[in-house]
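Structural overview
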Amino acid sequence: MLTIDEAFRKFKSRLELNDKEQANASARQQEVRDYLDTKFSIDNSFLTGSYKRHTKTKPLKDIDIFFVLRDSERHYRGKAPSVVIKDFYDALVDKYGKDAVRKQSRSVNIDFGVVIDAEDNTDYRIVSVDVVPAFTAGDDYEIPDTDSSTWIKTNPKIHADKAVAAHQAFSNEWKGLVRMVKYWNNNPKHGVDKPVKPSFLIEVMALECLYGGWQGQFDRELQALYATLADRIFDTWPDPAGLGPPISNGMDNARKLRARDLLTAAAREASIAIDHTRKGRNGDALKAWRALFGPKFPLS
Ligand SMILES: Nc1ncnc2c1ncn2[C@@H]1O[C@H](COP(=O)(O)OP(=O)(O)OP(=O)(O)O)[C@@H](O)[C@H]1O
Ligand SMILES: [Mg+2]
């Protein structure tokens, strides 16, 4: 039978980005870019967000692509964020159809109609992308935020550098743990609302909540991480780059209470799984982790 360590290593690798997926993401980026080039004056585009940092979980959904607009499009920057979002939305609906395209607060989402099977596999295809219109602002970028009706500053490089530093300080296990907790967050057993919103908050909290260095056991690290996340979910979590609005603004008090309860329950489930292992009940431990995370956690 699979040991707990083997199971976690397999789980971790199943959540890793592979070459086929990266090829598909790049092809989609190019396809969307080629089309948007016919509608807007775009200086450059790049895959970013958790995808670029390797902290995105599976299935690969909502991959962020920044489309950096040229100066000839700067008039948008003087208008409400909803204007550029609407124009991108209208343009993308023309190509992909109304049912595949959705306005979000900072982006326009395109769904490619990829089927996700019962094991959360997609035949190495990405499910959707978030098209983010952006302008340069010195070394940073400004992106529209229709929730606050303002343009917010962001800096993907700073977020990426912080993730790399945290990963290295944690014996290169940090990103894997972040992907696992984000996979738990997406588990449909929680209903339509994810426990933690936005899921970027999990990564931001993990920058501080995974401390003391990697102790060598996935089960222990995750149990402690869930407990710490539950403890600190009511804290204010600023943008790690110090530019945009706090990442913790995504939840109101009721939603934070729910997040705390679900994180506490996860910590408890993890403790029970660890107890199974300690008492030699390996099969029960595997089942408990699988119930916590979902189908990508292996039973064999
Ligand atoms: N409040 C914010 N201020 C500044 N930058 C932000 C803020 N929120 C998000 N970002 C940046 O925009 C990127 C995309 O945001 P998003 O919410 O998609 O998070 P993500 O890290 O890509 O996580 P997910 O895996 O859920 O897609 C983030 O990775 C981060 O670099
Ligand atoms: Mg994203």
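Residues numbered from 1 in each chain as written. Chains lettered and ligands numbered in written order. Predicted model: local features only at pLDDT ≥ 70, side-chain atom pairs only at ≥ 80, totals over all residues. Heavy atoms only, no water.

Under an unreviewed UniProt entry, the chain has the name Nucleotidyltransferase and belongs to Devosia yakushimensis.

1. Observations regarding the overall build of the chain
Formally: Helix numbers and strand numbers start at the N terminus; a helix is a DSSP run of H or I with at least 4 residues, a strand a run of E with at least 2. We take the radius of gyration over the C-alpha atoms and set the globule estimate at 2.2 Å times the residue count to the 0.38 power. Here the term buried applies to any residue with accessible area under 20% of the maximum for its type, exposed to any over 50%, and partly exposed to those in between, with areas from a 1.4 Å probe on protein chains only. Contact definition: two residues touch when any of their heavy atoms are within 4.5 Å. Only the protein chains shown count as cover for residues, with accessible areas throughout obtained via the Shrake-Rupley method and a probe of 1.4 Å. By the counting rule applied here, Lys and Arg register as positive and Asp and Glu as negative, while His and the ends of each chain are not counted. For charged residues, the charge sits on one atom: NZ in Lys, CZ in Arg, CG in Asp, CD in Glu.
Helix and strand counts for the chain stand at 10 helices and 7 strands. Whereas a compact globule of 300 residues would reach a radius of gyration of roughly 19 Å, the chain reaches 20 Å, a difference of no more than 12%. Across its three principal axes, the chain shows a C-alpha extent of roughly 65 × 40 × 35 Å. Taking all 300 residues of the chain together, the buried fraction comes to 51%. Long-range contacts, defined as pairs at least 24 residues apart, comprise 66% of the intrachain contacts of the chain with a sequence gap of at least 6. Accessible area of the chain: about 13,600 Å², with a carbon and sulfur share of 47%. Of the charged side chains in the chain, 46 are positive and 43 negative; the average position of the first set lies 3 Å away from that of the second.

2. What about the domain arrangement of the chain?
Our working rule: What marks off one domain from the next here is an automatic or database domain assignment. Buried area is a sum: the accessible area each of two parts loses on coming together, probed at 1.4 Å, counted once for each and added. Here a salt bridge means any side-chain nitrogen of Lys or Arg lying within 4 Å of a carboxyl oxygen belonging to Asp or Glu. Polar contact is the term for a pair of N or O atoms within 3.5 Å; when the atoms are in protein, one must be able to donate a hydrogen and the other to accept it, and sequence-neighboring residues count only if both atoms are side-chain atoms. Following the grouping adopted for this structure description, the nonpolar residues are Ala, Val, Leu, Ile, Met, Phe, Trp, Tyr, Cys and Pro, the charged ones are Asp, Glu, Lys and Arg, and the polar ones are all others, Gly among them.
Domain assignment breaks the chain into domain 1 (4-12 + 158-293) and domain 2 (17-155). Each of domain 1 and domain 2 has a C-alpha centre, and these two points are 26 Å apart. Summing both sides of the interface, domain 1 and domain 2 together bury roughly 1,300 Å²; the carbon and sulfur share of this comes to 53%. On the domain 1 side of the interface with domain 2, the three residues burying the most area are Arg179, Tyr183 and Leu243, jointly 39% of the side's total. For the interface between domain 1 and domain 2, the tally reads 1 salt bridge. Here Glu203 makes a salt bridge to Arg53, at a shortest N to O gap of 2.7 Å. On the surface where domain 1 and domain 2 come into contact, there are 11 residue pairs in polar contact (both at pLDDT 80 or more). Broken down by secondary-structure element, the contributors of at least two residues to the side of domain 1 that touches domain 2 are helix H5 (156-169), helix H6 (174-186) and helix H7 (200-209). Ranked by the residues each element gives to the side of domain 1 that touches domain 2, the list is headed by H6, at 7 residues. Considered class by class, the residues forming the side of domain 1 that touches domain 2 number 9 nonpolar, 3 polar and 4 charged.

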